[in-house]
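Reading the structure
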Amino acid sequence: MRKFYIIFLFLFLIFNFSYAGEVDILMKKLIEKGIISKDEAEQIKNEIKKEKEKEKEKYDFLKNTKFSGDIRVRYQNEDIEGSPDRDRYRIRARWGFKTKISENTEIGLRLATGTGEQTSTNQTFGEAFSQKSFWLDRAYLKHNFNDFGLIAGKIENPFYTTDIIWDSDINPEGLAFIYKNQKGLFINSGIFPLAEFKNLTDDPFLYGIQLGYGSKIGNEVEFKIATSIYTTKSLKGKKQSEISPKYEPKGNTLESNGKYIYEYKPFDIILELTPFKIAEKPFTLYADYLKNIESGVREDKGYLIGFSIGKLKEKNDWKFEYNYRKIDADATLAIFSDSDINGGGTDLKGHKIGFVYQVNKNSSFGITYFIGKSLGVNRTDNRNTLQIDYLVKF
């Protein structure tokens, strides 16, 4: 009978007592009543301690977990040539975490609003207050080997880039290899499936490799330079609507049935330079040039050049930015290029003017204006877009 009491008490204590003081009081009472001996009481307390330590170990990963997210509310006006103006009120919400589950291994996950498009996480207000969808925005495994990293899953874009090739909302899917040392050298590469066809053996892929270097000249001047090449395989002959069913931008040259007539191999060079400060604010110049080196492509070039003043970090900080871009029809894949200017895609030129004010450490107010014009090869639409944003990070 005594063994029964001891086992019962042991299980009861494990699941119902959180504080050592409570256990000690109960043990003392049981010893006084002669139910258990001092040695048995000590043995039970040691077993409880071991079980508590095991329970605690299950949640140790939370110490190394960082949760983060943001909510952005936007007013957007589009002045579309030949069509009525379009006003939209939009929201974006993102939330996720990253955690180190061991010294070298990290996992991450992020959810975001949107409609499934790879270049946008916005949801437009409407449909009589209907509920808005969350999508899997990122989910990855990362393993570090000193200066090297291997990332698999739906990942943050591993490449240093402007938005001439990559929209900032895109999170590629596949496998990436990254390297960065303390001297400023970095190498990024990846292999990414673009689609999967059950009746075909030549599924389209995108490969990318980038070599770059960033450092300082003296104590003030910062610079970064990177050269990249991205290559599609088995894209030619596939329909754009099959590769990107939720987002079909204009620009690329397609057959009458919507099939790609080229592979894409944009060679890209980016330069960023912060030579001095204006009113204690960093002044940064940047330029991006690309050329599709795939043979037979005619409309194959693009460039972006711009500058920014300021950096957002603390309350009352501000940043002004301006850039101009020109992207030929087949300089790069339209389905990945910035979706904000002229409705997205390629075969366009235009200006971006933006100002952001840091209201406090976690929130900011911004105004951005895009002036977009088509180049007239595969499209003739022109559009100016105003975006007014209030963003809160947490």
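Now for a quick tour of the structure.

**Some thoughts on the overall build of the protein chain**
- A count of helical and extended segments in the protein chain gives four helices and 17 strands.
- Radius of gyration (C-alpha) of the protein chain: 28 Å, far over the 21 Å computed for a compact globule of 394 residues.
- For the protein chain, the proportion of its 394 residues judged to be buried stands at 42%.
- Nonlocal contacts in the protein chain, meaning residues at least 24 apart in sequence, comprise 56% of its contacts between residues at least 6 apart.
- When the accessible surface of the protein chain is split by element, carbon and sulfur atoms take 56% of a total near 22400 Å².
- Put simply, the protein chain has 60 plus and 55 minus side-chain charges, and the middle of one group is 4 Å from the middle of the other.

**Digging into a negative patch on the surface**
- A cluster of acidic side chains, namely Asp-79, Glu-81, Asp-85 and Asp-87, defines a negative patch on the protein surface.
- Secondary-structure assignment places Asp-85 in the loop between strand S1 (65-80) and strand S2 (86-100).
- Asp-85 gets classed as partly exposed once you look at its relative accessible area, which sits at 47%.

**Structural notes on the pairing of strand S9 (residues 205-217)**
- Bridge count between strand S8 (residues 185-193) and S9: nine bridges; the pairing is antiparallel. Counted as the bridge partner of Leu-185 is Tyr-213 from S9.

**Some words on the nonpolar core**
- Trp-166, Leu-206, Leu-235, Ile-243, Tyr-260, Leu-333 and Phe-336 are the most contacted members of the largest nonpolar core, which has 33 residues in total.
- Broken down by secondary-structure element, the contributors of at least two residues to this core are strand S7 (173-180) and strand S12 (281-292).
- Apart from the residues lying within four places of it in its own chain, the contact partners of Phe-336 are Gln-118, Thr-119, Ile-165, Trp-166, Asp-167, Ile-170, Leu-194 and Leu-206.
- With six residues, the next largest nonpolar core counts Met-27, Ile-36, Ala-41 and Ile-48 among its residues.

**Description of the packing of aromatic side chains**
- Within the structure shown, the criterion is met by 20 aromatic pairs.
- For the pair Phe-67 and Phe-97, a centre-to-centre distance of 5.9 Å together with 50° between the ring planes defines the contact as tilted. Of this pair, Phe-67 sits in strand S1 while Phe-97 sits in strand S2, and the two are 30 residues apart along the sequence.
- Among the residues examined, Phe-97 registers a relative accessible area of 25% and is labelled partly exposed.
- A ring pair is formed by Trp-166 and Tyr-230, whose centres lie 5.7 Å apart and whose planes are at 80°; its orientation type is edge-to-face. Placement of Trp-166 in the loop between strand S6 (148-154) and S7 and of Tyr-230 in strand S10 (residues 221-233) is noted, with a sequence separation of 64 residues between them. Accessibility assignment for this pair places Trp-166 and Tyr-230 in one class, buried.
- Three or more aromatic residues joined by ring pairs form one cluster here, namely Phe-159, Trp-166, Phe-192, Tyr-230 and Phe-336.
- The residue whose ring lies beneath Lys-224 is Tyr-160, and the NZ or CZ to ring-centre distance is 4.6 Å.

**Some remarks on the pattern of salt bridges**
- All chains considered together, the criterion is met by 17 salt bridges.
- As a salt-bridge pair, Arg-138 and Glu-156 come within 4.0 Å of each other at their nearest N and O atoms. Placement of the pair is Arg-138 in strand S5 (residues 134-145) and Glu-156 in the loop between S6 and S7, with a sequence separation of 18 residues.
- Judged by its relative accessible area of 18%, Arg-138 falls in the buried class.
- Take Glu-156: its relative accessible area is 46%, and that puts it in the partly exposed class.

**Brief notes about the environment of Glu-314**
- The residue Glu-314 is located in the loop between strand S13 (301-310) and strand S14 (318-327) in this model.
- Judged by relative accessible area, which is 38%, Glu-314 ranks as partly exposed.
- Along the sequence, Glu-314 and Thr-368 sit 54 residues apart, while their C-alpha atoms lie 21 Å from each other.
- Not counting residues within four places of it along the chain, the set of residues in contact with Glu-314 comprises Gln-358 and Lys-361.

**What to know about the environment of Gly-82**
- Considering the arrangement of structural elements, one finds Gly-82 in the loop between S1 and S2.
- Residue Gly-82 is classed as exposed on the basis of its relative accessible area of 83%.

**Description of the side chain of Asp-163**
- Structurally, the position occupied by Asp-163 is in the loop between S6 and S7.
- Here Arg-325 takes part through its side chain, which lies 3.2 Å from a polar atom of the side chain of Asp-163.
- Once you skip the residues sitting within four places of it in the chain, Asp-163 turns out to touch Leu-304, Arg-325, Ser-337, Asp-338 and Lys-352.

Calculation criteria
Residues numbered from 1 in each chain as written. Predicted model: local features only at pLDDT ≥ 70, side-chain atom pairs only at ≥ 80, totals over all residues. Heavy atoms only, no water. Helix = DSSP H or I, 4+ residues; strand = E, 2+ residues; numbered from the N terminus. Rg over C-alpha atoms; globule rule 2.2 N^0.38 Å. Buried < 20%, exposed > 50% of the residue type's maximum accessible area, 1.4 Å probe, protein only. Contact = heavy atoms within 4.5 Å. Areas by Shrake-Rupley, 256 points an atom, 1.4 Å probe, with all protein chains shown as cover. Lys, Arg positive; Asp, Glu negative; His and termini not counted. Charge placed at Lys NZ, Arg CZ, Asp CG, Glu CD. Patch = residues over 30% accessible without salt bridge, like charges linked within 9 Å, V, L, I, M, F, W, Y side chains within 5 Å. Salt bridge = Lys/Arg side-chain N within 4 Å of Asp/Glu carboxyl O. Pairing = 2+ DSSP bridges. Core = buried A, V, L, I, M, F, W, Y, C linked by side-chain atoms within 4.5 Å. Phe/Tyr/Trp six-rings, centres within 6.5 Å; stacked < 30°, edge-to-face > 60°. Lys NZ or Arg CZ within 6 Å of the ring centre and 35° of its normal. Polar contact = N/O pair within 3.5 Å; in protein donor to acceptor, adjacent residues only side chain to side chain.

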